[in-house]
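# An overview of the molecular structure
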Amino acid sequence: MERLDKRLSSTGRWTRREVKELVRRGQVTVDGRPAASPEEKVDERAVVCVSGEAVALERFLYVMLHKPSGVLSATEDPRQKTVLDLLPPEYRRRGLSPVGRLDKDTEGLLLLTDDGAMSHRLTSPRSHVDKVYYARVSGVLQEADRQSFAAGMVLGDGLHCRSASLEILSSDECLVTLQEGKFHQVKRMLAAVGKPVVYLKRLSIGALRLDEALAPGAFRLLTPEEIALLGG
Ligand code: URA
């Protein structure tokens, strides 16, 4: 048995406050009769409907976050704010984890999910999933830099980086596409060609693009179409 508000808010579609309001307005039914209160205990086989539509318990939750700078891509930290702190409690309770990490000062697309298989598929270099980053650098980007990225690199500390795409947008702006995600990889590759990164933002993971309607710090659930694009 589980509380009705917990069950409905764990779908990520409504907050507990919204569930309370829906129950008050008589829009929630449990096995065909109006729910008595948001705290009502419901059996896991009970058919719960909201506005006449049966609500399936989502197996997994997929959240798109526009990660702002200054927040850690971690699930918890004793001192610093993490991306989980940007989500409401009903999402956090689902045990979401970031799919791959962005540095504290990197912005952009961060996917959070409790679907471990999807997370592994998107981050494993063997899956060849493109991650596209927009970078602004100090210095003037050159064709030779593009060639160095295309050839793959061995960094000063021995780190092997596979072939990557560098698309030069202007003298100090580029798009970098990687299929792996080693620690500080974009920054280290650009630093290796003498162009330190001054700003970095992830734009996409595979076919999933950052929703530009989301301001930094804002989030939303993936649509069923977006989940399908990622192979979910
Ligand atoms: N590469 C980096 O250097 N930093 C990130 O946050 C992501 C990729």
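### Section: the packing of aromatic side chains
Centre distance and the angle of the planes are the two values used to describe a pair of aromatic rings. The full count for this structure, using the stated rule, is three aromatic pairs. Ring centres 6.5 Å apart and planes at 70 degrees place the aromatic pair Phe 60 and Tyr 62 in the edge-to-face group.

### Focus: the sheet that holds strand β6 (residues 53-54)
Note on sheets: strands pair through backbone hydrogen bonds, and any given pair is parallel or antiparallel. With respect to topology, four strands assemble into an open sheet ordered β3-β2-β5-β6, the strand pairing being antiparallel. Looking at strand neighbours, the two that pair on one side only are β3 (33-34) and β6, the edges of this open sheet. Examined bridge by bridge, strand β2 (residues 28-30) and β3 share two bridges and lie antiparallel to one another. Bridge pairing in β3 places Thr 29 opposite Pro 34.

### A few points about the domain arrangement of the protein
Domains assigned within the protein are domain 1 (2-54), domain 2 (62-125 + 207-229) and domain 3 (130-205). Computed from C-alpha atoms alone, the centre-to-centre distance between domain 1 and domain 2 is 27 Å. With eight residues of domain 1 at the contact, the number on the domain 2 side is five residues. When the area that domain 1 buries against domain 2 is broken down by residue, the three leading residues are Ser 10, Gly 12 and Arg 16, summing to 61%. Remark: the boundary between domain 1 and domain 2 carries zero salt bridges. Viewed at the interface, domain 2 and domain 1 are joined by zero residue pairs in polar contact (both at pLDDT 80 or more). Here the residues of the side of domain 1 that touches domain 2 sort into one nonpolar, five polar and two charged.

### Digging into the nonpolar core
Leu 96, Leu 112, Phe 149, Val 176 and Leu 190 are the most contacted members of the largest nonpolar core, which totals 32 residues. Every element with two or more residues in this core is listed here: β7 (62-67), β9 (107-113), β10 (131-137), β14 (173-178) and α6 (185-192). A domain split of this core shows at least three residues from each of domain 2 (62-125 + 207-229) and domain 3 (130-205). Not counting the four nearest positions on each side in its chain, Leu 190 is found in contact with Ala 135, Val 137, Leu 141, Phe 149, Leu 166, Cys 174, Val 176, Lys 195, Pro 196 and Val 197. Counting 15 residues, the second-largest nonpolar core is a separate cluster that includes Met 118, Leu 122, Ile 205 and Leu 222.

### Points about the site of the ligand
The environment of the ligand is formed by Leu 102, Asp 103, Thr 106, Tyr 133, His 184, Gln 185, Val 186, Lys 187 and Leu 200. The side chain of Thr 106 places a nitrogen or oxygen atom 2.9 Å from an oxygen atom of the ligand. Between the ligand and the protein, one listed contact pairs an oxygen atom with a backbone N or O atom of Lys 187 at 3.0 Å. In isolation the ligand has 240 Å² of accessible area, and contact with the protein removes 96% of it. If you tally residues by element for the shell around the ligand, the top one is α6, at three residues. In terms of residue class, the shell around the ligand is built from four nonpolar, three polar and two charged. Residues lining the shell around the ligand come from more than one domain, with at least three contributed by each of domain 2 (62-125 + 207-229) and domain 3 (130-205).

Rules behind the numbers
- Residues numbered from 1 in each chain as written.
- Predicted model: local features only at pLDDT ≥ 70, side-chain atom pairs only at ≥ 80, totals over all residues.
- Heavy atoms only, no water.
- Phe/Tyr/Trp six-rings, centres within 6.5 Å; stacked < 30°, edge-to-face > 60°.
- Pairing = 2+ DSSP bridges.
- Helix = DSSP H or I, 4+ residues; strand = E, 2+ residues; numbered from the N terminus.
- Domains from an automatic or database assignment.
- Contact = heavy atoms within 4.5 Å.
- Buried area = accessible area lost by both parts, 1.4 Å probe.
- Salt bridge = Lys/Arg side-chain N within 4 Å of Asp/Glu carboxyl O.
- Polar contact = N/O pair within 3.5 Å; in protein donor to acceptor, adjacent residues only side chain to side chain.
- Nonpolar A, V, L, I, M, F, W, Y, C, P; charged D, E, K, R; others polar.
- Core = buried A, V, L, I, M, F, W, Y, C linked by side-chain atoms within 4.5 Å.
- Buried < 20%, exposed > 50% of the residue type's maximum accessible area, 1.4 Å probe, protein only.
- Near = heavy atom within 4 Å.
- Areas by Shrake-Rupley, 256 points an atom, 1.4 Å probe, with all protein chains shown as cover.

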